Amino acid sequence: MAYLAPSEFVTKMVDAGESKICMAPRDVLIRAFMAGAILALAAVFAVTATVMTGQPLVGAILFPIGFCMLYLLGFDLLTGVFVLTPLAWLDKRPGVTIKAILKNWGLVFIGNFAGALTVAFMMAFVFTYGFSTEPNEIGQKIGHIGEARTLGYAQYGLAGWLTIFMRGMLCNWMVSTGVVGAMISTTVSGKVIAMWMPIMLFFAMTFEHSVVNMFLFPSGLMMGGEFSIMDYLIWNEIPVVLGNLVGGLAFTGLTLYTTHVRTAPKRSFS
(Lines give C-alpha, C1' and ligand atoms only; values in the text may rest on other atoms or scores of the structure.)
Protein backbone atom coordinates (compact mmCIF):
# COMPACT_ATOMS: atom_id res chain seq x y z
CA MET A 1 0.00 0.00 0.00
CA ALA A 2 1.19 3.54 -0.78
CA TYR A 3 -0.45 4.97 2.35
CA LEU A 4 0.06 3.91 5.94
CA ALA A 5 -2.65 4.27 8.56
CA PRO A 6 -1.89 6.62 11.50
CA SER A 7 -1.29 3.78 13.94
CA GLU A 8 1.33 2.40 11.53
CA PHE A 9 3.24 5.60 10.76
CA VAL A 10 3.27 6.74 14.40
CA THR A 11 4.93 3.42 15.28
CA LYS A 12 7.47 4.25 12.56
CA MET A 13 8.07 7.60 14.30
CA VAL A 14 8.91 5.81 17.56
CA ASP A 15 11.16 3.35 15.72
CA ALA A 16 12.96 6.25 14.02
CA GLY A 17 13.51 7.99 17.35
CA GLU A 18 15.02 4.84 18.81
CA SER A 19 17.33 4.30 15.85
CA LYS A 20 18.65 7.86 16.05
CA ILE A 21 19.50 7.43 19.74
CA CYS A 22 21.36 4.17 19.00
CA MET A 23 23.34 5.61 16.10
CA ALA A 24 27.13 6.02 16.40
CA PRO A 25 28.18 9.64 17.19
CA ARG A 26 30.24 9.78 13.97
CA ASP A 27 27.18 8.98 11.87
CA VAL A 28 25.00 11.44 13.81
CA LEU A 29 27.48 14.24 13.09
CA ILE A 30 27.90 13.40 9.40
CA ARG A 31 24.16 13.17 8.79
CA ALA A 32 23.51 16.38 10.72
CA PHE A 33 26.32 18.21 8.87
CA MET A 34 24.88 17.28 5.49
CA ALA A 35 21.33 18.19 6.57
CA GLY A 36 22.46 21.65 7.68
CA ALA A 37 24.42 22.20 4.48
CA ILE A 38 21.62 21.11 2.14
CA LEU A 39 19.00 23.17 3.98
CA ALA A 40 21.32 26.19 3.79
CA LEU A 41 21.61 25.77 0.02
CA ALA A 42 17.82 25.57 -0.18
CA ALA A 43 17.58 28.83 1.76
CA VAL A 44 19.97 30.51 -0.71
CA PHE A 45 17.90 29.13 -3.57
CA ALA A 46 14.69 30.49 -2.05
CA VAL A 47 16.17 33.95 -1.42
CA THR A 48 17.60 33.99 -4.96
CA ALA A 49 14.21 33.11 -6.44
CA THR A 50 12.56 35.82 -4.33
CA VAL A 51 15.06 38.47 -5.48
CA MET A 52 14.84 37.42 -9.14
CA THR A 53 11.04 37.42 -9.27
CA GLY A 54 10.18 39.97 -6.60
CA GLN A 55 7.67 37.43 -5.27
CA PRO A 56 8.40 35.88 -1.84
CA LEU A 57 5.80 33.20 -2.53
CA VAL A 58 8.00 31.82 -5.33
CA GLY A 59 10.83 31.31 -2.84
CA ALA A 60 8.43 29.57 -0.46
CA ILE A 61 7.20 27.24 -3.19
CA LEU A 62 10.77 26.23 -4.11
CA PHE A 63 12.37 26.02 -0.65
CA PRO A 64 10.98 22.53 0.20
CA ILE A 65 13.30 21.06 -2.46
CA GLY A 66 16.11 21.10 0.10
CA PHE A 67 14.03 19.50 2.84
CA CYS A 68 12.90 16.72 0.52
CA MET A 69 16.48 16.08 -0.61
CA LEU A 70 17.93 15.78 2.87
CA TYR A 71 15.09 13.61 4.15
CA LEU A 72 15.25 11.17 1.23
CA LEU A 73 19.02 10.88 1.76
CA GLY A 74 18.52 10.00 5.43
CA PHE A 75 20.06 13.14 6.96
CA ASP A 76 18.89 14.64 10.26
CA LEU A 77 17.73 18.09 11.34
CA LEU A 78 17.54 19.27 14.93
CA THR A 79 13.86 20.04 14.46
CA GLY A 80 13.18 16.41 13.55
CA VAL A 81 15.06 14.77 16.41
CA PHE A 82 13.34 17.16 18.84
CA VAL A 83 10.10 15.36 17.96
CA LEU A 84 11.11 11.75 17.32
CA THR A 85 13.62 10.87 20.06
CA PRO A 86 11.39 11.72 23.08
CA LEU A 87 8.74 9.36 21.72
CA ALA A 88 11.16 6.44 22.01
CA TRP A 89 11.70 7.39 25.67
CA LEU A 90 7.94 7.63 26.31
CA ASP A 91 7.55 4.22 24.69
CA LYS A 92 10.20 2.84 27.10
CA ARG A 93 12.47 1.60 24.33
CA PRO A 94 15.59 -0.10 25.76
CA GLY A 95 18.64 2.15 26.12
CA VAL A 96 16.71 5.35 25.47
CA THR A 97 17.36 7.70 28.39
CA ILE A 98 17.07 11.45 28.90
CA LYS A 99 20.88 11.66 28.90
CA ALA A 100 21.05 9.81 25.57
CA ILE A 101 18.39 12.10 24.08
CA LEU A 102 20.23 15.26 25.18
CA LYS A 103 23.50 13.89 23.78
CA ASN A 104 21.81 13.23 20.46
CA TRP A 105 20.35 16.73 20.37
CA GLY A 106 23.76 18.23 21.13
CA LEU A 107 25.49 16.27 18.37
CA VAL A 108 22.79 17.11 15.83
CA PHE A 109 22.97 20.81 16.78
CA ILE A 110 26.75 20.83 16.29
CA GLY A 111 26.50 18.99 12.97
CA ASN A 112 23.69 21.18 11.63
CA PHE A 113 25.51 24.34 12.66
CA ALA A 114 28.79 23.20 11.09
CA GLY A 115 27.06 22.33 7.82
CA ALA A 116 25.10 25.58 7.67
CA LEU A 117 28.18 27.63 8.60
CA THR A 118 30.23 25.95 5.86
CA VAL A 119 27.68 26.89 3.22
CA ALA A 120 27.34 30.38 4.74
CA PHE A 121 31.08 30.95 4.22
CA MET A 122 31.05 29.47 0.72
CA MET A 123 28.08 31.57 -0.42
CA ALA A 124 29.43 34.75 1.19
CA PHE A 125 32.68 34.08 -0.68
CA VAL A 126 30.78 33.63 -3.95
CA PHE A 127 28.58 36.71 -3.46
CA THR A 128 31.61 38.94 -2.71
CA TYR A 129 34.23 37.41 -5.05
CA GLY A 130 36.33 36.25 -2.12
CA PHE A 131 35.32 39.18 0.13
CA SER A 132 36.91 41.63 -2.33
CA THR A 133 33.71 43.46 -3.30
CA GLU A 134 30.40 44.46 -1.78
CA PRO A 135 27.86 41.61 -1.75
CA ASN A 136 25.50 41.36 -4.70
CA GLU A 137 21.76 41.91 -4.44
CA ILE A 138 21.13 38.44 -3.03
CA GLY A 139 23.88 38.85 -0.42
CA GLN A 140 22.46 42.22 0.62
CA LYS A 141 19.01 40.66 0.96
CA ILE A 142 20.40 37.99 3.31
CA GLY A 143 22.09 40.68 5.42
CA HIS A 144 18.84 42.63 5.74
CA ILE A 145 16.97 39.47 6.79
CA GLY A 146 19.43 39.10 9.68
CA GLU A 147 18.85 42.67 10.80
CA ALA A 148 15.06 42.51 10.58
CA ARG A 149 14.83 39.21 12.47
CA THR A 150 17.10 40.19 15.36
CA LEU A 151 16.95 43.94 15.94
CA GLY A 152 13.39 43.92 14.62
CA TYR A 153 12.39 41.75 17.60
CA ALA A 154 14.75 43.35 20.12
CA GLN A 155 12.95 46.71 19.91
CA TYR A 156 9.88 45.08 21.49
CA GLY A 157 11.76 43.61 24.45
CA LEU A 158 10.13 40.61 26.13
CA ALA A 159 7.15 40.79 23.78
CA GLY A 160 9.54 40.51 20.83
CA TRP A 161 11.35 37.54 22.42
CA LEU A 162 8.04 35.75 23.04
CA THR A 163 6.93 36.53 19.48
CA ILE A 164 9.98 34.87 17.99
CA PHE A 165 9.55 31.94 20.42
CA MET A 166 5.99 31.44 19.13
CA ARG A 167 7.16 31.74 15.53
CA GLY A 168 9.60 28.94 16.37
CA MET A 169 6.75 26.86 17.81
CA LEU A 170 4.60 27.34 14.73
CA CYS A 171 7.55 26.57 12.48
CA ASN A 172 8.32 23.16 13.93
CA TRP A 173 4.66 22.28 14.12
CA MET A 174 4.74 22.46 10.33
CA VAL A 175 8.27 21.09 9.79
CA SER A 176 7.68 18.07 12.01
CA THR A 177 4.39 17.52 10.19
CA GLY A 178 6.53 17.31 7.05
CA VAL A 179 8.77 14.72 8.73
CA VAL A 180 5.70 12.69 9.67
CA GLY A 181 4.21 13.21 6.23
CA ALA A 182 7.17 11.42 4.69
CA MET A 183 6.36 8.39 6.82
CA ILE A 184 2.75 8.31 5.66
CA SER A 185 3.67 7.21 2.15
CA THR A 186 5.84 4.38 0.84
CA THR A 187 6.48 6.03 -2.56
CA VAL A 188 8.97 8.81 -3.32
CA SER A 189 6.32 10.98 -4.97
CA GLY A 190 3.95 10.51 -2.03
CA LYS A 191 6.67 11.40 0.46
CA VAL A 192 7.63 14.53 -1.48
CA ILE A 193 4.05 15.79 -1.75
CA ALA A 194 3.38 15.16 1.95
CA MET A 195 6.59 16.98 2.92
CA TRP A 196 6.16 19.85 0.47
CA MET A 197 2.88 21.24 1.79
CA PRO A 198 3.74 22.04 5.44
CA ILE A 199 7.32 23.12 4.59
CA MET A 200 6.03 25.59 2.01
CA LEU A 201 3.54 26.90 4.56
CA PHE A 202 6.18 27.56 7.24
CA PHE A 203 8.51 29.35 4.82
CA ALA A 204 5.75 31.48 3.27
CA MET A 205 4.58 32.53 6.73
CA THR A 206 8.19 33.45 7.72
CA PHE A 207 8.12 31.22 10.79
CA GLU A 208 11.51 30.70 12.44
CA HIS A 209 13.55 27.53 11.79
CA SER A 210 16.67 27.13 13.93
CA VAL A 211 18.72 25.36 11.24
CA VAL A 212 17.78 27.74 8.42
CA ASN A 213 18.80 30.56 10.75
CA MET A 214 22.18 28.87 11.37
CA PHE A 215 22.86 29.80 7.74
CA LEU A 216 21.02 33.10 7.31
CA PHE A 217 22.49 34.96 10.25
CA PRO A 218 26.19 33.98 10.10
CA SER A 219 26.01 34.56 6.34
CA GLY A 220 24.43 37.97 6.93
CA LEU A 221 27.17 38.89 9.41
CA MET A 222 29.85 37.90 6.89
CA MET A 223 28.26 40.20 4.31
CA GLY A 224 27.97 43.28 6.49
CA GLY A 225 24.64 42.87 8.28
CA GLU A 226 24.22 45.54 10.97
CA PHE A 227 23.72 43.23 13.96
CA SER A 228 26.02 41.33 16.33
CA ILE A 229 26.62 37.69 17.22
CA MET A 230 24.92 38.32 20.58
CA ASP A 231 21.93 39.85 18.79
CA TYR A 232 21.71 36.67 16.73
CA LEU A 233 21.93 34.37 19.75
CA ILE A 234 19.65 36.24 22.17
CA TRP A 235 17.10 37.64 19.73
CA ASN A 236 16.92 34.69 17.37
CA GLU A 237 18.71 31.36 17.79
CA ILE A 238 18.00 30.70 21.48
CA PRO A 239 14.25 31.50 21.47
CA VAL A 240 13.86 29.79 18.08
CA VAL A 241 15.51 26.55 19.28
CA LEU A 242 13.28 26.53 22.35
CA GLY A 243 10.19 27.31 20.28
CA ASN A 244 11.06 24.58 17.77
CA LEU A 245 11.39 22.08 20.62
CA VAL A 246 8.09 22.98 22.32
CA GLY A 247 6.05 23.39 19.14
CA GLY A 248 7.15 20.22 17.38
CA LEU A 249 6.86 18.02 20.45
CA ALA A 250 3.57 19.46 21.72
CA PHE A 251 1.64 19.86 18.46
CA THR A 252 3.00 16.91 16.47
CA GLY A 253 4.90 14.29 18.46
CA LEU A 254 2.85 14.05 21.64
CA THR A 255 -0.53 14.52 19.99
CA LEU A 256 0.03 11.77 17.42
CA TYR A 257 1.64 9.39 19.93
CA THR A 258 -1.07 9.94 22.54
CA THR A 259 -4.04 9.43 20.26
CA HIS A 260 -2.66 6.70 17.97
CA VAL A 261 -0.39 4.63 20.26
CA ARG A 262 -1.38 5.40 23.87
CA THR A 263 -5.05 5.72 23.06
CA ALA A 264 -7.59 6.28 25.78
CA PRO A 265 -9.97 3.41 26.68
CA LYS A 266 -12.85 3.09 24.25
CA ARG A 267 -16.26 4.22 25.43
CA SER A 268 -18.71 1.57 26.48
CA PHE A 269 -22.39 1.96 25.60
CA SER A 270 -23.60 -1.17 27.38
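Calculation rules
Residues numbered from 1 in each chain as written. Predicted model: local features only at pLDDT ≥ 70, side-chain atom pairs only at ≥ 80, totals over all residues. Heavy atoms only, no water. Salt bridge = Lys/Arg side-chain N within 4 Å of Asp/Glu carboxyl O. Helix = DSSP H or I, 4+ residues; strand = E, 2+ residues; numbered from the N terminus. Buried < 20%, exposed > 50% of the residue type's maximum accessible area, 1.4 Å probe, protein only. Axes fitted to C-alpha atoms, helices over the stretch in contact; angles between N-to-C directions. Parallel < 35°, antiparallel > 145°, perpendicular 65-115°, else oblique. Left-handed = near helix turned anticlockwise from the far one by under 90°. Contact = heavy atoms within 4.5 Å. Nonpolar A, V, L, I, M, F, W, Y, C, P; charged D, E, K, R; others polar. Patch = residues over 30% accessible without salt bridge, like charges linked within 9 Å, V, L, I, M, F, W, Y side chains within 5 Å. Areas by Shrake-Rupley, 256 points an atom, 1.4 Å probe, with all protein chains shown as cover. Core = buried A, V, L, I, M, F, W, Y, C linked by side-chain atoms within 4.5 Å. Expected span 1.5 Å × (residues − 1).

Chemist: Tell me about the pattern of salt bridges, residues and numbers included.
Modeler: Tallied over the full model, the rule gives six salt bridges. For the salt bridge of Asp15 with Arg93, the shortest nitrogen-to-oxygen distance reads 2.9 Å. With a gap of 78 residues between them, Asp15 in helix H1 (residues 6–22) and Arg93 in the loop between helix H5 (78–90) and helix H6 (98–127) connect regions that are remote in the sequence. Accessibility expressed as a relative area gives 17% for Arg93, which makes it buried. Residues joined by salt bridges that share partners form a network here, namely Asp15, Glu18, Asp91 and Arg93.

Chemist: An account of the packing of helix H2 (residues 25–53) against helix H11 (residues 210–222) is needed here, citing residue identities and associated values.
Modeler: Relative orientation and spacing of two packed helices are given, respectively, by the angle between their axes and the distance between those axes. Axis separation between H2 and H11 bottoms out at 9 Å; the angle between their running directions is 65 degrees. One finds that H2 runs roughly perpendicular with respect to H11. For the pair H2 and H11, the crossing hand works out as right-handed. Note on element contacts: H11 touches H2 through Val211, Val212 and Phe215, opposite Gly36, Leu39, Ala40, Ala43 and Val44. Here the residues of the contact of H2 with H11 are counted per class, giving seven nonpolar, one polar and no charged.

Chemist: So what's going on with a nonpolar patch on the surface? Residues and values would help.
Modeler: Among the surface-exposed residues, Ile229, Met230, Leu233, Ile234, Ile238 and Leu242 lie close enough to one another that they form a single nonpolar patch of about 510 Å² accessible area. Turning to its location among the elements, Met230 is positioned in helix H12 (residues 229–260).

Chemist: Account for the nonpolar core, with residues named and values stated.
Modeler: Counting residues in each nonpolar core, the largest one holds 72 residues, and the members touching the most others are Met13, Phe63, Phe202 and Phe215. Of all the elements, H2 adds the most residues to this core, at twelve residues. In contact with Phe63, not counting residues within four places along its chain, are Leu39, Ala42, Ala43, Ala46, Ile199, Phe202, Phe203 and Val212.

Chemist: So, H11: which residues are in play, and what are the values?
Modeler: Across its 13 residues, H11 extends 18 Å between first and last C-alpha, which sits within 8% of the 18 Å expected from 1.5 Å per residue. Of the surrounding secondary structure, the elements contacted by the buried residues of H11 are H2, H5, H6, helix H7 (137–148), helix H10 (188–204) and H12. Positive backbone phi, at 90 degrees, marks Gly224, one or two positions downstream of H11.

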